[in-house]
Structures are given as C-alpha cells and as structure tokens.
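Structure assessment
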Protein chains: 2
Amino acid sequence: MANKDNYCVIMGGGIGSRFWPFSRKTLPKQFLDFFGTGRTLLQQTFDRFNKIIPTENIFIVTNAIYANLIKEQLPNISEKQILLEPARRNTAPCVAWASYHIRALNPKANIVVAPSDHLILKEEEFLNAIEKGLDFVAQSEILLTLGIKPNRPETGYGYIQIADSAGDNFYKVKTFTEKPELELAKVFIESGEFYWNSGLFMWNVSTIIQACETLLPELTVKLAPGKDVYGTDREMEFINENFPACPNVSVDFGIMEKADNVYVSLGDFGWSDLGTWSSLYDLSEKDTNGNVTLKCHSLIYNSQNNIVALPKDKLVVIEGLENFLVAESENVLLICPKDKEHAIRKYVNDAQMQLGENFI
Amino acid sequence: MANKDNYCVIMGGGIGSRFWPFSRKTLPKQFLDFFGTGRTLLQQTFDRFNKIIPTENIFIVTNAIYANLIKEQLPNISEKQILLEPARRNTAPCVAWASYHIRALNPKANIVVAPSDHLILKEEEFLNAIEKGLDFVAQSEILLTLGIKPNRPETGYGYIQIADSAGDNFYKVKTFTEKPELELAKVFIESGEFYWNSGLFMWNVSTIIQACETLLPELTVKLAPGKDVYGTDREMEFINENFPACPNVSVDFGIMEKADNVYVSLGDFGWSDLGTWSSLYDLSEKDTNGNVTLKCHSLIYNSQNNIVALPKDKLVVIEGLENFLVAESENVLLICPKDKEHAIRKYVNDAQMQLGENFI
C-alpha cells in the first residue's frame, strides 16, 4: 500500500537542445520515445514513480507551452496535477512553488523531486532507494539527494563528495563540484569519495520550504505571500503574476550547495541523464562494429562506432563513416562527428539566424 | 510553323535505380524535379521538344505502371499519345512499336527518339541540331544519332567513332564502343575521333522499320503482324498479347551497331545523361568548398566536395564530411562516399532482401 504522505514532483519543462534535431523546441527530449519502447521518457518516469507513489500525489511542473503534450502523454492524471509555469525560471522556483502547493494539500508530505528525462535501467534498486529515502526524510529535517556510483571520469556531470556515513547508504555531503576537467574527474573517481549528482531530491515539505526561505529569500518573497491561495481557485492568478518575477536559479546552486543539512543516498541504478548523444551512444546496444541504431532500420557498410537515430519506419544506408552522429527528426537531418556534438548549440543558432524558427 | 511530319518519341519507362533513394521504383528519375526548377526531367524534355514539334505529334512510351504519373505531369497531351508497354523490354521493342504506331498515323513521319531523363543546358543549339537532323533523315535513308563532344575521359558512357564527313556536322559512324576502361577512354579523347553516344536518335519512319525488320526479325515477327491494327481501337489488345514476347534488346546493340547506314550529328549541348550522382555533382553549382546542395537547405561546416540532396523544405546540417553523397527521399536516407556509388545497386538489393519492397 503506497504511503499517502509520499508525493512526487516531476520536472518536465526542459528544452533539451543538446539533442537537436531529435529534440525540438516544440517537442523536447522528455516527450520523445528515444529507444522506441513505446513510452516516452516522461511516461517512463511517471510509470516508475507510480509504482510507489499514489497516482493523485504525482505532480508535473512544466512550462505552459507543454500543457497539451503532458495531457496527451499522461491521460490518467487530472489537470490539477499539472503545474504550468508561466515563464522559464530554472529549478528552484519550480521546486518552491510545487512545495507550497503540496503543503497546502498535505502539510506532512514527503516529496521526491525528479527530472522527467533521465534513464533508469535498474528500476527495483532505484525504487527501493526512493522509498528508503522518503522514510529517512520523514524522520529528519534533511535535504537528501541521490548519488550515483560513477563508472567513468565523466566531465559532463556534477560530483558530490561524501563525508561521514549516517548508516544504511546515507552519507553527509561534504562538497558539490560542477562539471570538472578530465584530470580532476579522474582524481575524483580514484578517491572513491565522489559520486555523480543525479539531480533527484527528497525532503519533507517543511524542510524544503524552510531551506528556501532561509537560503533564497529573494525567491520566497515572491511566492510565500500566496500561502492562503495555494490549492485554491486563485492559485494560478497568483502564480501568473508572481512567478515571472522569481530569480532564475537552480536547486543545486541556490539550495543544495549552501545548506548544511544535505545528505546523499548512494546507489548504482543504471542511471543516465541522457544529456548528450555520446551518453546515449554509450548506453545503447551496438552491432559488432560498434554502431548504434535507434528506432529506424539501418544497413551499415565499412563503418564503425556511429550512432544513427531516425524516425521509426525509415531506412538509413551508411557506408564509410566512423564515429559519426546521424540524427533526423521532422524537417532536419544532422550529420556530424560524435565528438563535435558540443557544436550542436552553434548549429541551432545558425539555423535560427539563417532560416528562422521553422528548424529549431 | 512546326513541320507536321515531324514526330517525337520520348522514352519514359526507365527505373533509374542508380539514383536510389532519390529515384524509386514507384517514382523513377524522369518523374523527379532534380534541380528544384519546378519541372521534372520528363516535363523539361516535353517542353523542349514541344518548341519544334507539334504537341499532338509527341508520344510518350512508358511502362503501364507509370500511366498516372505521365498524365499528371503532362496534362496537355491526350491519352492517345501515351503508349503503355505491358512489360519491360528495353529500347528496341519500344522504338519498333512506336514506329509502327506512328507510320499508321503518318507514313511520311520523321521521328526523333529521346530519353526522358537527360539534361540539356544549351537548348537553342540542341533544337537547331534536332531540326537539321530531322531534315537530313527526311531526305536520306539513314539512321542518325546525336554525338556529344566529350570533355573528359568518362568511363560510364558509350563512344562513337566517326568516319567521313557528310557535310554540315554530319558524319558516317565507324564504330560504337560501350563503356571503355579509363586508359582507352583517354586514348579516345586524344584522338579527336570519338564522341559520346547520347542515346538520342532521328530517322524517317520507313527507314527505322526497314532496319528493324532486317536486323531484328525475331522482334518484328511479333510486332509487324499488327500493321492493320496500329492506330485503331484494337491496338492495345494486340500489344498486350504480343509485346511481352518481344526479345529484350537495345536499339544501340540491336540496330545501331549492326546497321551500315548510321550517321552521327555532332554538337556540344551541355548534355548529361544524369546517369550517376557524380555526373550530377559535376554539373551542379558548388559553394566555395565544392559542396553541392540540391533542393534542400544546408548548413555545411568543415566539409568539402559533397553532394547533398534532400527534399525541399528540409534542412541538413553537416560537419566533417569529404567527398560524400547524402541523399534522402521518402523513407530512405543514403550516406556514402561519392566514389562508392556503384554500390548503390547492392544497397538496393540488400534493402529489398532484408526489408522488403517498401524501401526500393
């Protein structure tokens, strides 16, 4: 029986421009079925949490422009469970609003906050960790984050350094380090003290609101005055007026790196933030020449270590490519070396400047 | 005023598999607008001849499966001008049938027979040569072919060696040579005696029927018996019964190489048979890095000497490719080195074997 005090907030407002052209402004990564499994990343995230959290306690916070996509992809939740941000303001305002909203419904709520677009391969271990984490934060005034045992010196992730054990895989957090250089990342891995920051958080609703009001007063000065309207018919009017005035700040930077009651729950969940094509390549099944084909059909000759992603039902024939990304979606085809994928932002900009909104 | 005795037969039944995936079994090359000009190759061919041949004297011979495409693309011609072959039998049966058909309408007809999928850049010179050629064949019992002044030792074309001049750019033909090796092609070019065989023919209807009956009796034994039904309501019944029994043989091999009354009209018409992606590349406008973009939008970085052809309104972003072909049409994308294009036949076979008819 799912604990009625446990809540989930799925953050689904990202743009995912690093996966262009697969991911588009009008259809970001979380709304895509990357692996052709039949469920989008958002749907997989919902399905996963719904195994341990009551359906009516799962909230999606997203940008207002994605309202219809959310309703289409998650027809089983009510409109009340979709919190539509009138402006894009990073994760701290998102989390603060969701917390005030949930406190109005249940002041004892324990909340897991999760991105909508990550991959979890080991679901059972993951859900066990979430349930244990929610129990932990129900009993202690702590901010808990999920740390992932690293398997390579990845420079695209944030790292968490652990301090003393609080028992049962929970550790006090010593430091956060954003995307380190490769040499530093190698030192981190060798030390055994550093874990990847998953961007997934757990806390009691009182604890997170207390942390926001202490550490981000410039944010809560905008949202706290609505305490009597959260959960009422007047909530959206208040949000539409005040949310756009919130500062643009992340939970990691604004709260987790500054608070002194931060703990981490450690595990190995087959996790990826699917942040880049290369991370997708690393995770995916390869043919004998190291080529990855996502969704489409492919015939590949004299080619190694490529990743190709085209719409289902399409055929791509490739000869003579090595370490390339070939991705197509809608009206855009991208062909570039895998190690040039940081240039995607430039391609998108050039496409917008030279050709307009139609291709981004 | 166009000469009422002049006729044109456009051969439009080819499959064009060398341009896969741009050219498809259901939509071969002649039905495509390769350069995004607004007119397909077939339409361009029709438009060109219609400047010197009366509209009602232009016939299209094609496979029955392309009947609707022809009607769509050439709405100004009547159904009577479309000769639908019930089976694919190469060019000699096509030419023989068209000749019997036209003789029934006008026994004095002079005919130019042309492929539907070639490119002519110098239209005025071309049409002058055709008009002069038709005058020539009206007065002499000769088979005339159009020879193109070669500009490179192309190994993909047939060559015509000229003998004595018959005046005014007409020469008696000495030999035909099919696709020579590169060394031989170089010798041909240096000699100044060899011209490319365009596959475009002119003759009086009596001359070509005489040649067919003498040189290809195994063909005319099937088609000559219909002499009383050509041009009547019973023609198609006769053709549907007898055409499939005709031998599969080309005009070049079956007639031109064997006849002793073959002449060639020489010229330089900016001609290409558009036989391969490389020939298309050579003909097309290039950016400063030698890249050709056909129809679509492109953003090309650190790349040289590629040809990309995607549907209009699509954007292709390319980085780090050299000497590649990138072609997409419908549900197929092909990426291969330009010098591997002879392998396209293999790709098509593999696609058919492994994935079925849907991709060919």
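Everything that follows concerns the structure shown earlier in this document.
Here is a short report on the structure shown in this document.

Conventions adopted
- Residues numbered from 1 in each chain as written.
- Chains lettered and ligands numbered in written order.
- Predicted model: local features only at pLDDT ≥ 70, side-chain atom pairs only at ≥ 80, totals over all residues.
- Heavy atoms only, no water.
- Helix = DSSP H or I, 4+ residues; strand = E, 2+ residues; numbered from the N terminus.
- Buried < 20%, exposed > 50% of the residue type's maximum accessible area, 1.4 Å probe, protein only.
- Contact = heavy atoms within 4.5 Å.
- Areas by Shrake-Rupley, 256 points an atom, 1.4 Å probe, with all protein chains shown as cover.
- Lys, Arg positive; Asp, Glu negative; His and termini not counted.
- Charge placed at Lys NZ, Arg CZ, Asp CG, Glu CD.
- Buried area = accessible area lost by both parts, 1.4 Å probe.
- Salt bridge = Lys/Arg side-chain N within 4 Å of Asp/Glu carboxyl O.
- Polar contact = N/O pair within 3.5 Å; in protein donor to acceptor, adjacent residues only side chain to side chain.
- Nonpolar A, V, L, I, M, F, W, Y, C, P; charged D, E, K, R; others polar.
- Pairing = 2+ DSSP bridges.
- Phe/Tyr/Trp six-rings, centres within 6.5 Å; stacked < 30°, edge-to-face > 60°.
- Lys NZ or Arg CZ within 6 Å of the ring centre and 35° of its normal.
- Axes fitted to C-alpha atoms, helices over the stretch in contact; angles between N-to-C directions.
- Disulfide = S-S within 2.5 Å.

Considering the overall build of chain A
When helices and strands are tallied, chain A shows 11 helices and 17 strands. Referenced to the eigenvectors of the C-alpha coordinate spread, the extents of chain A come out at roughly 65 × 45 × 40 Å. When the 360 residues of chain A are sorted by exposure, 56% land in the buried category. Taking contacts inside chain A between residues at least 6 apart in sequence as the whole, the part at least 24 apart equals 66%. Counting every atom, chain A has about 15100 Å² of accessible surface; 47% of that belongs to carbon and sulfur. Here chain A carries 34 positive and 46 negative side-chain charges, and the mean point of each set is 2 Å from the other.

Overview of the interface of chain B and chain A
Every contact between the two is made by 35 residues of chain B and, on the other side, 35 residues of chain A. Across the interface of chain B and chain A, roughly 2700 Å² is buried in total on both sides, 63% from carbon and sulfur atoms. For the pair chain B and chain A, the interface holds four salt bridges. For lysine 340 of chain B, the salt bridge is made with glutamate 319 of chain A, and the minimal N-O distance between the two is 3.6 Å. The tally of links from chain B across to chain A stands at 18 residue pairs in polar contact (both at pLDDT 80 or more). For the side of chain B that touches chain A, the class distribution of residues is 22 nonpolar, five polar and eight charged. Two elements, strand β15 (residues 315–319) of chain A and strand β17 (residues 332–337) of chain B, share four bridges in a ladder whose sense is parallel. Each residue of the ladder has a partner; that of isoleucine 318 of chain A, found in β17 of chain B, is isoleucine 335 of chain B.

Quick look at the pattern of salt bridges
For the structure shown, the criterion picks out 30 salt bridges over all chains. Across the pair aspartate 47 of chain A and arginine 39 of chain A runs a salt bridge whose closest N-O atoms are separated by 2.8 Å. Relative accessible area serves as the criterion here: at 32%, arginine 39 of chain A is assigned to the partly exposed category. Of the charged contacts in the structure, one is a salt bridge between glutamate 328 of chain A and lysine 314 of chain B, with a shortest N-O distance of 2.6 Å. Placement of the pair is glutamate 328 of chain A in strand β16 (residues 324–329) and lysine 314 of chain B in the loop between β14 (307–309) and β15 (315–319), with the two residues belonging to separate chains. Of the two residues examined, glutamate 328 of chain A and lysine 314 of chain B, each falls in the buried class. In this structure, a network of salt bridges that share partners links the residues Lys314 and Glu328 of chain A together with Lys314 and Glu328 of chain B.

Side note on the packing of aromatic side chains
All names here are of chain A. All chains considered together, the criterion is met by 36 aromatic pairs over all chains. Seen in terms of ring centroids, phenylalanine 31 and tyrosine 66 are 5.4 Å apart; in terms of plane orientation they differ by 55 degrees. Their pairing is tilted. You can see phenylalanine 31 sitting in the loop between β1 (6–11) and α1 (41–50) and its partner tyrosine 66 sitting in the loop between β2 (58–63) and α2 (67–73), a full 35 residues away along the chain. Summarising the burial analysis for this pair, phenylalanine 31 and tyrosine 66 share the class buried. These aromatic residues form a ring-pair network of at least three members: Phe19, Phe22 and Trp277. Taking NZ or CZ as reference, lysine 258 lies 3.9 Å from the ring centre of phenylalanine 253, over its face. A cation over a ring is seen here: lysine 338 above tyrosine 281, with NZ or CZ 3.9 Å from the ring centre.

Looking at the pairing of strand β6 (residues 143–148) of chain A
All names here are of chain A. When you tally the buried positions in β6, you get six out of six residues, the bulk of the element. Here β6 shows two buried faces, one formed by Leu143, Thr145 and Gly147 and the other by Leu144, Leu146 and Ile148. Of the pairings in the sheet, the one linking β6 to strand β10 (residues 262–267) comprises six bridges and is parallel in character. By the bridge assignment, glycine 147 is partnered in β10 with leucine 266. In the sheet, β6 pairs with strand β9 (residues 194–204) via four bridges, with the strands oriented antiparallel. Each bridged residue has a counterpart across the sheet, and for glycine 147 the counterpart in β9 is asparagine 197.

Here's the deal with the sheet that holds strand β12 (residues 292–294) of chain B
The six strands lie next to each other as β13(A)-β15(A)-β17(B)-β16(B)-β14(B)-β12(B), forming an open sheet whose pairing is mixed. The two strands at the open ends of the sheet, each matched to only one other strand, are β13 (297–301) of chain A together with β12 of chain B. Adjacent strand axes in the sheet meet at a mean angle of 5 degrees when their direction is disregarded. Here six bridges tie strand β16 (residues 324–329) of chain B to β17 of chain B, and the two strands are oriented antiparallel to one another. Residue alanine 327 of chain B lies in a different strand from β17 of chain B, and its bridge partner there is leucine 334 of chain B.

Notes on the environment of tyrosine 263 of chain B
Residue and element names in this part refer to chain B. Tracing the backbone shows tyrosine 263 in strand β10 (residues 262–267). Distance from tyrosine 263 to serine 23, taken between C-alpha atoms, is 33 Å for residues 240 residues apart in sequence. When residues no more than four places from it in sequence are discounted, the contact partners of tyrosine 263 are Phe136, Ile142, Leu143, Leu144, Thr145, Ala166, Tyr171, Lys172 and Val173.

Remarks on the state of the cysteines
Residue and element names in this part refer to chain A. Going through the model one piece at a time under the given rule, you end up with zero disulfides over all chains. Free cysteine: cysteine 8, not disulfide-bonded; nearest cysteine sulfur from cysteine 94 at 11 Å. Residue cysteine 8 is classed as buried on the basis of its relative accessible area, which comes to 0%.

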